Every structure is written in structure tokens, then in C-alpha cells.
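So the chains spell out like this:
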Amino acid sequence: MKIESLVLCELETNCYIVSSEKNSCAIIDPASDAPEIIRFIDERGYTPRYILVTHPHHDHIGAVKELQAHYGAQVVISRIDNAIILDPMPMYGTKYLWKVKDKLFTADRLVEDGDEIVMDELTFRVLITPGHTAGGACYLCGDKLFSGDTLFEGTVGRCDLYSGDFNAMLRSVDRLAALPGDYDVYPGHGPATTMERERVHNEYIGMLENEGLY
């Protein structure tokens, strides 16, 4: 497995290109700038098989539709969060609908917690981690965790947008921290980290238990 990344759009979203030994690849959260992503992939001779969406905020899906059309790759999103794609008004309202109205896509596969996506020798396991959105998904591949806007270095994603839930977020990061062993964590924004580092330094992990809220 090879992991490469592009930082895209004004919110500096991490778009990950995860390639297999056979040069298939999965594109995780293509935020924007489809031509740049296409150039990057084609220069390396990769064949995109999947586009994995962690959640449907505009800064994570801006290039999904164009890449889907260009490569024929399967778009994967959680069944819960696909509701936002089908009806974006509750999330964006009339004021901000322009951010996504031309970027909405038709998913090829709707996933639930525990589902697996197999690409050559790689298997991505879906972990539904509500908090940032109701159906936010992390993708676990071996000892690599693509955490979207759930877990960041030293913090967690914001929970004040539509379908966000702070207590759900705390339960989600506790669940991630309870995974056995250590993992390299690749978040939707900012630098990569490790699960062991976050277990030690992230104040949000264990907060529910520490405050007696479980």
C-alpha cells in the first residue's frame, strides 16, 4: 500500500490517493480541482477503482462527480450521510446551496458500519463515527486509519453543523481509541498522527468517562 496526498480547496482538505501493488487506487475525499487529481493519478499510472467519501461536506466532495464520470470509479458513502446528497437543503439552505448543487453525485455503494471494500490486496473496513455528521465514515486499512473530520491531531471535528452531535463525537473517538494496537491516522485536515499519540495527548478521548457522562 502506498499513500499519497494532495491538499485541496480553500479549507486545505487532505485528499488521499491509496494505491495497491497492482496500481489500482482509491481516492479518499477529493475536495476540489479534478484536473489536478487526474494529472496526479495519470502521471503515476494508477487506475482508480473507488472514491471513498468520509462525509458529504462541500470541502470533501467537490471533485467526486467529475472523477466518477472520468474514471468510472465506484463512489462509496455511508447510507446515513447519503441522505444529505439526496436532499442537501437541511445542511446548506438556500444561502449556501450553490456550494454543492453542481457537485452532487449518485453513489454506487452505500455502506454501513463494518462493511468492507476490497481492492486487490487491500481491504478498507468501514467504521461509522457520528459526530461531525450523523453518518461520518472512517476507513481502516491495515494499520492505517483515514479519519475524515472525526479525529485530528490533538482535537476532533466541529459538531455545530447540521446532523453534528458533540456527545456522539466523543463516543466515536473513544471507539477509535479502543481499537487494538497502534495506527497511523490520516485526517481530513492537518498533519497525520498516530492513535497512540492521540490516546495520550488528545483531551477529547476519554472525556465522557472522565466527566461521568457515559
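Here the structure is shown first, and the text comes after it.
Basis of the calculations
Numbers given for residues are sequential positions, taken from 1 along each chain in its written order. Under the rules for a predicted model, residues below a pLDDT of 70 receive no local features and side-chain atom pairs below 80 are neither given nor counted, while totals for whole chains, interfaces and linings still include all residues. Water and hydrogen atoms were dropped before computing side-chain values, which therefore reflect all heavy atoms in the structure. In the sections that follow, a salt bridge refers to a side-chain nitrogen of Lys or Arg positioned within 4 Å of a carboxyl oxygen of Asp or Glu. Runs of E in the DSSP output that reach at least two residues are strands. Runs of H or I that reach at least four are helices, and both are numbered from the N terminus. For this text, the term disulfide refers to a pair of cysteine sulfurs within 2.5 Å. Where helices are involved, their axes are fitted lines through C-alpha atoms of the stretch in contact, as for all axes, and angles between N-to-C directions lie from 0 to 180°. For classification purposes, angles smaller than 35 degrees are called roughly parallel, those larger than 145 roughly antiparallel, those between 65 and 115 roughly perpendicular, and all remaining angles oblique. Two helices that cross are described as forming a left-handed crossing if the nearer one is turned anticlockwise from the farther one by less than a right angle, and a right-handed crossing if clockwise. Any two residues whose heavy atoms approach within 4.5 Å are treated as being in contact. When residues are grouped by polarity, Ala, Val, Leu, Ile, Met, Phe, Trp, Tyr, Cys and Pro land in nonpolar, Asp, Glu, Lys and Arg in charged, and all others, Gly among them, in polar. Relative accessibility under 20% of the residue-type maximum defines a buried residue, over 50% an exposed one, and the middle range a partly exposed one, all with a 1.4 Å probe and only protein chains included. Strands qualify as paired when DSSP identifies two bridges or more between them.

Engineer: What exactly am I supposed to notice about the pattern of salt bridges here?
Structural biologist: A side chain of one charge can pair with a side chain of the opposite charge if their charged atoms are brought near each other. Counting across every chain of the model gives twelve salt bridges. When the shortest N-O distance is used, the salt bridge between Arg39 and Glu36 registers 2.5 Å. In this pair, Arg39 and Glu36 both sit in helix 1 (residues 34-44), three residues apart, roughly one turn of the helix. Put simply, Arg79 and Glu112 hold a salt bridge, and the shortest N to O gap is 2.8 Å.

Engineer: Honestly, the state of the cysteines in this entry has me stumped. Any pointers?
Structural biologist: Simply put, disulfide is the name for a covalent bond between the sulfur atoms of two cysteines. In this structure the tally under the stated criterion is zero disulfides. Cys15 provides the cysteine sulfur closest to Cys9, a residue in no disulfide bond, and the two sulfurs are 10 Å apart. This cysteine, Cys159, is not joined by any disulfide, and Cys138 carries the nearest cysteine sulfur, 13 Å off.

Engineer: Sorry if this is basic, but what is going on with the packing of helix 1 against helix 3 (residues 64-71) here?
Structural biologist: Helix-helix packing: each pair is described by the crossing angle between the helix axes and the interaxial distance. Their axes nearest at 9 Å, the elements helix 1 and helix 3 cross at an angle of 40°. The angle between helix 1 and helix 3 places the two elements in the oblique class. Along this stretch, helix 1 crosses helix 3, giving a crossing that reads as right-handed. Every residue of helix 3 that contacts helix 1 at Ala34, Pro35, Ile37, Ile38, Ile41 and Asp42 is listed here: Glu66, Leu67, His70 and Tyr71. Classifying every residue of the contact of helix 1 with helix 3 by side-chain character gives seven nonpolar, one polar and two charged.

Engineer: Explain the pairing of strand 7 (residues 116-119) here, please?
Structural biologist: Along any regular strand, the residues point their side chains to alternate faces of the sheet. The side-chain alternation of strand 7 yields one buried face, formed by Ile117 and Met119, and one unburied face, formed by Glu116 and Val118. Alignment of strand 7 against strand 8 (residues 122-128), held across four bridges, turns out to be antiparallel. Bridge assignment links Val118 to a residue of strand 8, and that residue is Thr123. In this antiparallel pair of consecutive strands, strand 7 and strand 8, the connection spans two residues, and Asp120 shows a positive phi of 55°.

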